[in-house]
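# Observations on the three-dimensional arrangement
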Amino acid sequence: SSNGTGSSPLTFILTGIPGLLMSSYWMALPLCCLYLLMLLGNCTLLWTIKTDYSLHTPMYYFLSMLAVADLGLSLSTLPTMLAIFCFESTSLRFEACVAQMYFIHTFSAIESGVLVAMAFDRFVAICYPLRYTSVLTNSLIMKAGGAIFLRGVCVVLPVAVLIKKMPFCRSRVLSHSFCLHQDMLRLVCGDVKVNSLYGLTAVILTKGLDSLTILLSYMMIIRAILSIISQETRAKAFSTCISHLCAVLIFYIPLIGLSITHRFGKHLPPLTHTLLADAYLLVPPVLNPLVYSWKTKQIRRRILILLCQRG
């Protein structure tokens, strides 16, 4: 009833998709394609923004941060997902599991913070367009990026420290193909009040405050848009927010669904938990580059030019 002995270190057993054989290539092939699409999309987005000086503006700097967060989030789950579905390896050492859990929740908090920064960018651009360049300076963007990164690192660190000290004496089978805090916590045989309380506090300080800030920003943005007399200008102003709104919905809908099922959906079939967790960690990094490439004319034009040059 401890974190392992000297001869047999504690290990967890990861779970694939319930009802599907781990050796099934029907799952391994689409999974590899998703990761390749994620890598290609986000790396292309970063390279396009870096090489096109017309995209060196606050909006695209924040978009670069979002792409980096998406890459970090996906690469955190990549080793265990591929190990399970490609090599049928389900065993994971306790230390590796804690490290994966830490990086997953850290990059998730960073992505949430970046979405807030992007909402602020849209708020300033629409509500105070004449002050946009004077407010969103390069210095402010760098400070905001640093603050978002430090917040994610510092808020999640106690979660990893607390869970590392807990004894595990029940079943060591996790519900997902990767390690999540809520999933590991249910296997603890001890008092988890402090862990649960801090975990809830960390969620409120990151995703909770972020979602409220984004909601407040869009309330003011919508009020500013509705005050515009010209229908054409109103539609143009709203169209600049569509990509960000899509990114917010893509990130928060699976997150809210996963949080609700972990706390109140214990009677639901395991497949529901698995699919929501996979959607939360895999869908945003894959769809965000596609959404921004499709909705942003400058990025779409730049990518087409690069493709034609290579062709």
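Scope of this entry: the structure provided in the associated data block. Just so you know, these numbers come straight off a predicted model, no measurement behind them. (Residues numbered from 1 in each chain as written. Predicted model: local features only at pLDDT ≥ 70, side-chain atom pairs only at ≥ 80, totals over all residues. Heavy atoms only, no water.)

### Regarding the overall build of the protein
Of regular secondary structure, the protein possesses 10 helices and two strands. Listed N to C, the secondary structure of the protein is β-α-α-β-α-α-α-α-α-α-α-α in terms of helices and strands. Taken against the 2.2 N^0.38 rule, which gives 19 Å for 311 residues, the C-alpha radius of gyration of the protein at 21 Å falls within 12% of a compact globule. Viewed in the frame of its principal axes, the protein has a C-alpha envelope of about 70 × 50 × 35 Å. Across the 311 residues that make up the protein, the buried fraction comes to 46%. For the protein, the proportion of contacts with a sequence separation of at least 24, taken over those separated by at least 6, is 79%. Carbon and sulfur atoms make up 72% of the accessible area of the protein, which amounts to about 15900 Å² in all. (Helix = DSSP H or I, 4+ residues; strand = E, 2+ residues; numbered from the N terminus. Rg over C-alpha atoms; globule rule 2.2 N^0.38 Å. Buried < 20%, exposed > 50% of the residue type's maximum accessible area, 1.4 Å probe, protein only. Contact = heavy atoms within 4.5 Å. Areas by Shrake-Rupley, 256 points an atom, 1.4 Å probe, with all protein chains shown as cover.)

### Looking at empty space enclosed by the protein
Summed over all chains, the structure comprises one cavity of 30 Å³ or more. Counted as a void, the largest cavity has a volume near 70 Å³. Those elements that place two or more of their residues in the lining of the largest cavity are α2 (58-87), α3 (94-127) and α8 (231-264). (1 Å grid on protein atoms, 1.4 Å probe; cavity = no way out; pocket = protein on both sides within 12 Å on 5 of 7 lines; lining within 4 Å. Points joined across faces, edges and corners; volume = space filled by probe spheres on them.)

### Concerning helix α5 (residues 138-164)
Think of an α-helix as 3.6 residues a turn; residues three or four steps apart then line up on the same face. End to end, α5 covers 39 Å across 27 residues, agreeing with the expected 39 Å (1.5 Å per residue, within 8%). Maximum bend of α5: about 25°, positioned at Val156, with proline Pro158 one to four residues after it. When we look at burial in α5, the residues that qualify are Ile141, Gly145, Ile148, Gly152, Val155, Val156, Val159, Ala160 and Ile163. Residues of α5 that are buried make contact with α2, α3, α6 (181-185) and α7 (193-226). (Expected span 1.5 Å × (residues − 1). Bend = angle between axes of the 7 residues up to and from the residue.)

### Re the pattern of salt bridges
In this structure the tally under the stated criterion is four salt bridges. One salt bridge in this structure joins Arg93 and Glu95, with 3.7 Å as the shortest N-O distance. Given the relative accessible area of 40%, Glu95 is considered partly exposed. With a closest N to O distance of 2.8 Å, Asp121 and Arg122 form a salt bridge. The class for Asp121 is buried, based on a relative accessible area of 2%. (Salt bridge = Lys/Arg side-chain N within 4 Å of Asp/Glu carboxyl O.)

### Focus on the state of the cysteines
Counted under the stated rule, the structure contains one disulfide. Paired by a disulfide, Cys97 and Cys179 hold their sulfur atoms 1.9 Å apart. Taking the torsion about the sulfur-sulfur bond, which here is approximately -115°, the covalent link between Cys97 and Cys179 counts as left-handed. Pair noted here: Cys97 is in helix α3 and Cys179 is in the loop between α5 and α6, with a separation of 82 residues, a long-range link. This pair shows no difference in class: Cys97 is buried, exactly as Cys179 is. Take Cys127: it sits in no disulfide, and the sulfur closest to it among the cysteines is that of Cys241, at 9.0 Å. (Disulfide = S-S within 2.5 Å.)

### Some remarks on the side chain of Asp210
Position of Asp210 relative to the elements: it lies in helix α7. The residues touching Asp210, leaving out its near neighbours within four places in the chain, are Ala109, Ser112, Gly113, Val116, Arg151 and Tyr252.

### Examining a nonpolar patch on the surface
Nonpolar side chains collect at one region of the surface, where Leu37, Val283, Leu287 and Leu290 lie side by side and expose about 280 Å² of accessible area between them. It is helix α9 (residues 270-295) that contributes the most residues to the nonpolar patch, three residues altogether. As for its placement among the helices and strands, Val283 is situated in helix α9. (Patch = residues over 30% accessible without salt bridge, like charges linked within 9 Å, V, L, I, M, F, W, Y side chains within 5 Å.)

### Comments concerning the packing of α3 against α5
In the contact formed by α3 and α5, the axes pass within 8 Å of each other and the chain directions differ by 150°. By the angle between their axes, α3 is roughly antiparallel relative to α5. In this structure, the crossing between α3 and α5 has a hand that is right-handed. Residues of the contact of α3 with α5, tallied by class, amount to 16 nonpolar, five polar and three charged. (Axes fitted to C-alpha atoms, helices over the stretch in contact; angles between N-to-C directions. Parallel < 35°, antiparallel > 145°, perpendicular 65-115°, else oblique. Left-handed = near helix turned anticlockwise from the far one by under 90°. Nonpolar A, V, L, I, M, F, W, Y, C, P; charged D, E, K, R; others polar.)

### Observations concerning the environment of Ser74
For Ser74, the position within the fold is in helix α2. According to the relative accessible area criterion, Ser74 is buried, its value standing at 1%. Once you skip the residues sitting within four places of it in the chain, Ser74 turns out to touch Tyr35, Met38, Leu281 and Pro285.

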